Structure formats: structure tokens, C-alpha cells
Amino acid sequence: MMKKKILILLVMALLLQCGCIKKPAAEQTSEPTSQARVTDHLRVERDDWADDVKLALNDLLATYGKDGTNPAKTPYVVFDFDNTSSIFDVEEQLVVYQLQVMAFAISPGELREVLLTGIREPDKDLTDLGYGKGSINDWIDDICSAYSALWEKYGPFTVKGVASDRLDEMQADGQWQEFSTKMRTLYELIYDAESADVAYPWITYWFTGMTEGEIYDLATEAFAKYKDVDTSVVVWTSPSDIKSKTGVVSIEWTSGIQVSDNIRELWKALNDNGIDVWVCSASCTGAICAAVDSFGLHDDCKGMLAMTNKTDEKGRYLAEYDMETGCGYYADKDGSWTRMSRPIKTQTQGKGKVTAIINAIAPEYDDHGPLAGFMDSTGDFNFCTEFESLKLVVCFNRANRKVTDGGGLIAEVAMYEKENLGYDLAKANDAGDTLYVLQGRDENGKRSFRKSNRTILFGQQEETLFKNNDNEVQLKRMIDEKMTVADILNDYAIKQDAGKNGFDFNTGFLDKYDGYHSIKE
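Described in the following lines is the structure provided in the data block. (Residues numbered from 1 in each chain as written. Predicted model: local features only at pLDDT ≥ 70, side-chain atom pairs only at ≥ 80, totals over all residues. Heavy atoms only, no water.)

## Focus on the pattern of salt bridges
Any two side chains of opposite charge can pair if their charged atoms end up close together.
Part 1 of the argument: Scanning the entire structure with this criterion turns up 33 salt bridges.
Part 2 of the argument: For the salt bridge of aspartate 261 with arginine 264, the shortest nitrogen-to-oxygen distance reads 2.6 Å. With aspartate 261 and arginine 264 both in helix 12 (residues 261–272) and three residues apart, the pair spans about one turn of that helix.
Part 3 of the argument: We classify aspartate 261 as partly exposed; its relative accessible area is 40%.
Part 4 of the argument: The exposure class assigned to arginine 264 is partly exposed, which follows from its relative accessible area of 25%.
Part 5 of the argument: Through salt bridges with shared partners, a single network forms among Arg46, Asp48, Asp261 and Arg264. (Salt bridge = Lys/Arg side-chain N within 4 Å of Asp/Glu carboxyl O. Helix = DSSP H or I, 4+ residues; strand = E, 2+ residues; numbered from the N terminus. Buried < 20%, exposed > 50% of the residue type's maximum accessible area, 1.4 Å probe, protein only.)

Put into C-alpha cells, the structure is as follows:
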């Protein structure tokens, strides 16, 4: 009997060796099946994701991706770009570069009209805001005077900018320091004095006279320069020896822009799982198309929506927002961009991002809302809370966002869901909630993500969850009162004065809010 068993084993071994029979599945040493390879490959794997963020993203892919346990019928996600897909603001970096090289297609005689576009109260004295003396008209007087002087000496300016061999001379000129400092500061002043819906389109009017392609090329140059520098804060100050109406002013701006390898990994994982990636940004279309391409994201991007300007018969920007016919772009497989046919019909910031998604993206997906959203600030709050379709929202932690900013409130909610509700993706979705998670970053050096919910702010070594104590106080009330996610967002999104809200500080950031999950599937 023993000899017979040995003989049988020898025969089986010979058959295995010649390939006539296969080992049982558990014993096979060949490559795993195609499905197993796909599942293993289509994950986010980097070690510098926060653990709960990484888990949530992989749960999203494993559940709602094309080969998931509950694949979505028409899945797409929407990313903000500035300070979400990128670390720091791509358009703000672009306009600094524009000032540095003086790439303008505006004559001195046209500049005043361009800069006054959309300004509601140009003669109102804004000295109390602390930027400088006088009204916006006073600021524009100073700016136009300096621009004319520069035009005479270094111009006429073009979309290509001043020749490289004259840049050092020009930037040492007091008139350039006057012009660049006050142009950049005026953007901040308009934001504070007017509103985001005035300031965001206003800064795109700097590109008046340029085509989309010329803006794209200028942005590509800017990003190539600034993605390779370590983060720093630069201070510009206008000269004291130039007579002006607004006086000596200073402005700080952050030098450096980056898209982390985490974002490239995530976009690829989403795309490979059959989940389309869209961008909806408050920067202009040319800047965002250039950013997607400059940082290696094009192949995994479905398309983008951003701020749109009217153009003349030659395709050159006019100083007027295109509310009726402005469209986004598809990212083509050959690396080019094709204009969409569905108009956005809104500014792509705040509530406008919701409208933009409904008008231009959702019709492509049987009018379904996005599966997930990616955000950092008030400008993203509406689209990352109003769609009932949202399974997951990742908030990128800028750490300095207060209770009066949408990014600050969502950061609090993320920590509340994690530490007090015990949510993961499945538990949140089963409860009818969106899972909110918070991703930390390191703003120093070349800028990167961290294996933490906490952020290391520029110039610091210690990690920070909330820079402002108000966030901790508001979070404590959520915990003490065992609030629901719906109650938190519906109550704390609306502006309320200190005292009337039970706190000794103001809360909220919206005058009106349609409500958490108000857009039903």
C-alpha cells in the first residue's frame, strides 16, 4: 500500500511539472488573477496620507468603483484646485509672475476702465481697512501713474513680458515697485471692501487682451518657476519717495506652488476605478488648464470648470465676466483641451460651484450629483455639503481657518465624526451622512502631505490642528450637545453675532444656506 501511494505521488509530480494538471488555487504560485491585480493596484498607497483619510479613500474605491461591492452607476468626483489639489493658490502665483515680468496686453489708456470693472463704490474712503489711504479711485490713480511711467521706459508691454535682460533693471525701478505692490494689494483690498464675487472675477481682468492660449503659456512659465522653489514669504513695499494718494503700502505673498504626489496617485486611482475626476475652481480657465498639465494630472482628469471671461472676435479676454456662454473644458486623451458645450452660467465660487456642477457636469451623469468632494475653504463649502449624493469629502487642513470660514467648520466636523461619532465610510453612509475627513500638510520646503490630520504651517516646526481657539470651543459644544452632522452644518454655517449665538465670538460665514443634503438624489 505504501509503495502504491508513493507511485501515485510521483505520477502527480510529473503531471504538475509538464503542466497537465494545476495546483489547487490556494497552492498556485503564478501571478494572481486580473481582478486581484486590479484591486491591489487601484488603491492609494503612499505613507504620507493621514491614516483615516487613506482608509476612507480606499473604502470609497473598493465600494463605489467600477469593480466595487456597490459600484456607482454614474460616478464622478469634484476637486477644488487652489489649496486643495495644489498647496497654495495657483492663480495668485500666476499674477505675481505676471507683475514680475510685466506681461500685459492693456494700454495705459485702457487700464483705468479695466481696473474699475465691477467695483460698486469706487469713491468710498477705505482708509479704515488698513491697507492704505483713500478710495479705490485713489489706488487706481497711483497704479495708472506708475504703469504709464513703466510703459514709457520699458514698454510697450506684451503678453510675452519684458525681455529677460531688462528684468533686473525694471524690478529695481521705484515705479515698478509702486505699480506691483499696489496692484497686488488692491486685490486684497477689493476682497475685503467688496466681496469674493467682485474680487475673484476682478483679478482675471488683468488678462484683458490675452487669448486663453496666451494665459495658458504665461501660467505654464509661472508654475515651472515656482514649483521648484522652497516656500518663502515675500514682502513688497512701495517707495516712500514717489508722491502718491494712498501712501506707502506693503503686501506679503507666498512664494512657491506644488501639487503633491498624493494628488497624482489619487487622481489615477479614481480614474482607474472608473470614477471621473473633475475640477471646479474660482481661478480662471487658462490658469487651471495650465496647472492640470504642469503638474502631470491631465491623463486622469475628465474636465474642468473655472471662471470665464467674455472674449472679442479674436478670442481675446474682455474685462467682463461671461455669465451666459462661458464654458469649461474637457481634458482630451491627446493632451489637449476641448471646450464644452454646456454653459456654466455662474461664477465658480461659493454657491456658484453648486450651480456650475448642476449646469455643466451633472447632465453628463443622468443629473446625479458627485460621489465625493475635495475642498479647503468657504468657497467650496456649498458643493461639499449640499449634495445628498456625497459619500465622502476630504478637507485639506490649512489650520488657520476660523469658525467664520467653511474650511474651519468642516475641519471641526471631520474631527467630530472621527473621534465622537466613530464614523468610517460605511458607518457614515449607513447613517445617511457624508463622511468628512481632514488631511494635514507641511507647508515648508517643497510642500507635501503628512501622515496626520494636523498641518505644519510655514515657518513652524510644531503641527497644528486648529490655530484658532474658537474652533476648539465650537467643537466642544458639538460634543457636549451630541449634535447631529445636519444640525452642526445648518446651525453654524449661518453668520451669527457673538452673544446671540451663545459664544463670545462671531460664528458662521454664509448669509443664506440651502442646507445639508438639500439637493436630493
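After presenting the structure, the write-up continues.
## Quick word on the state of the cysteines
Part 1 of the argument: Counted according to the given criterion, the structure contains zero disulfides.
Part 2 of the argument: Looking at the unpaired cysteine 280, the closest cysteine sulfur is the one in cysteine 384, lying at 9.9 Å.
Part 3 of the argument: A relative accessible area of 0% places cysteine 280 in the buried class.
Part 4 of the argument: Considering cysteine sulfurs only, cysteine 289 is the nearest to cysteine 327, which forms no disulfide, with 12 Å between them. (Disulfide = S-S within 2.5 Å.)

## Quick notes on the side chain of asparagine 309
Part 1 of the argument: Positionally, asparagine 309 belongs in strand 6 (residues 309–311).
Part 2 of the argument: Ignoring anything within four residues of it in the chain, the contact list for asparagine 309 reads Thr204, Tyr205, Tyr317, Leu318, Glu320, Tyr321 and Asp322. (Contact = heavy atoms within 4.5 Å.)

## Some points on the side chain of glutamate 194
Part 1 of the argument: Among the secondary structure elements, glutamate 194 is positioned in the loop between helix 9 (174–193) and helix 10 (196–204).
Part 2 of the argument: A relative accessible area of 16% places glutamate 194 in the buried class.

## Overview of a nonpolar patch on the surface
Part 1 of the argument: The grouping of Val233, Val235 and Phe458 at the surface amounts to a nonpolar patch, some 230 Å² of accessible area in total.
Part 2 of the argument: Relative to the elements of secondary structure, phenylalanine 458 occurs in the loop between strand 14 (448–449) and helix 18 (469–481). (Patch = residues over 30% accessible without salt bridge, like charges linked within 9 Å, V, L, I, M, F, W, Y side chains within 5 Å. Areas by Shrake-Rupley, 256 points an atom, 1.4 Å probe, with all protein chains shown as cover.)

## Describing helix 9
Part 1 of the argument: Here helix 9 spans 27 Å end to end across 20 residues, near enough to the 28 Å set by a 1.5 Å rise per residue.
Part 2 of the argument: Between the side-chain oxygen of the N-cap and the backbone nitrogen of glutamine 175 there are 2.8 Å, and the N-cap of helix 9 in question is aspartate 173. (Expected span 1.5 Å × (residues − 1). Polar contact = N/O pair within 3.5 Å; in protein donor to acceptor, adjacent residues only side chain to side chain.)

## Details of the packing of aromatic side chains
Part 1 of the argument: Following the criterion strictly, the structure yields 22 aromatic pairs and no others.
Part 2 of the argument: A ring pair is formed by tyrosine 147 and phenylalanine 179, whose centres lie 5.2 Å apart and whose planes are at 40 degrees; its orientation type is tilted. With tyrosine 147 in helix 7 (residues 136–154) and phenylalanine 179 in helix 9, the pair connects residues that are 32 residues apart, well separated along the chain. With respect to burial, tyrosine 147 and phenylalanine 179 carry one shared label: buried. (Phe/Tyr/Trp six-rings, centres within 6.5 Å; stacked < 30°, edge-to-face > 60°.)

## Brief notes about the environment of lysine 310
Part 1 of the argument: Along the chain, lysine 310 turns up in strand 6.
Part 2 of the argument: Judged by its relative accessible area of 31%, lysine 310 falls in the partly exposed class.
Part 3 of the argument: A C-alpha to C-alpha distance of 5.7 Å links lysine 310 and glutamate 320, two positions 10 residues apart in sequence.
Part 4 of the argument: The contacts of lysine 310, once residues within four sequence positions are left out, are Arg316, Tyr317, Leu318, Glu320, Tyr321 and Asp322.

## Quick word on the sheet that holds strand 10 (residues 372–375)
Hydrogen bonds between backbone atoms are what pair the strands of a sheet, whose relative direction is either parallel or antiparallel.
Part 1 of the argument: In spatial order, the strands read 9-8-5-4-1-10-11-12; together these eight strands make up an open sheet with mixed pairing. Single-partner strands in this sheet number two, and they are strand 9 (337–339) and strand 12 (435–439). Here the strands of the sheet are splayed against their neighbours by 20 degrees on average, with no regard to which way each runs.
Part 2 of the argument: Sheet topology note: the strand 8 (residues 329–331)/strand 9 ladder contains three bridges and is antiparallel. (Pairing = 2+ DSSP bridges. Axes fitted to C-alpha atoms, helices over the stretch in contact; angles between N-to-C directions.)

## Quick look at the packing of helix 5 (residues 90–101) against helix 11 (residues 212–226)
Part 1 of the argument: Where helix 5 meets helix 11, the axes come as close as 9 Å, and the angle between the chain directions of the two elements is 100 degrees. When the axis of helix 5 is compared with that of helix 11, the two are roughly perpendicular. Mapping the contact onto sequence places Val90, Gln93, Leu94, Val96, Tyr97, Gln98, Gln100 and Val101 in helix 5 and Leu218, Ala219, Glu221, Ala222, Phe223, Lys225 and Tyr226 in helix 11.
Part 2 of the argument: Partitioned by chemical class, the residues of the contact of helix 5 with helix 11 number 10 nonpolar, three polar and two charged. (Parallel < 35°, antiparallel > 145°, perpendicular 65-115°, else oblique. Nonpolar A, V, L, I, M, F, W, Y, C, P; charged D, E, K, R; others polar.)

## Points about the pairing of strand 11 (residues 392–396)
Each regular strand shows side chains that alternate between the opposite faces of the sheet.
Part 1 of the argument: Judged by how many residues are buried, strand 11 sits mostly within the fold: five of five residues are covered.
Part 2 of the argument: Burial of strand 11 is two-sided: the residues Leu392, Val394 and Phe396 facing one way and the residues Val393 and Cys395 facing the other way are all buried.
Part 3 of the argument: As paired elements, strand 10 and strand 11 share four bridges and run parallel to each other. Residue methionine 375 lies in a different strand from strand 11, and its bridge partner there is cysteine 395.
Part 4 of the argument: For strand 11 and strand 12, the ladder comprises five bridges, and the chain directions are parallel. Residue pairing in the sheet places valine 393 in a bridge with tyrosine 436 of strand 12.

## Topic: the environment of cysteine 327
Part 1 of the argument: Structurally, cysteine 327 can be placed in the loop between strand 7 (317–321) and strand 8.
Part 2 of the argument: Since its relative accessible area comes to 4%, cysteine 327 is described here as buried.
Part 3 of the argument: Each C-alpha atom, one on cysteine 327 and one on arginine 339, is 6.7 Å from the other, the two residues being 12 residues apart in sequence.

## Thoughts on unusual backbone geometry
Part 1 of the argument: For the bond running from glycine 155 to proline 156, omega is 0 degrees, close enough to zero to count as cis.
Part 2 of the argument: Examined against the element boundaries, proline 156 turns out to sit in the loop between helix 7 and helix 8 (167–171).
Part 3 of the argument: Look at lysine 482: it is not a glycine, yet its phi comes out positive at around 50 degrees.
Part 4 of the argument: Along the chain, lysine 482 falls in the loop between helix 18 and helix 19 (485–492).
Part 5 of the argument: Accessibility expressed as a relative area gives 71% for lysine 482, which makes it exposed.

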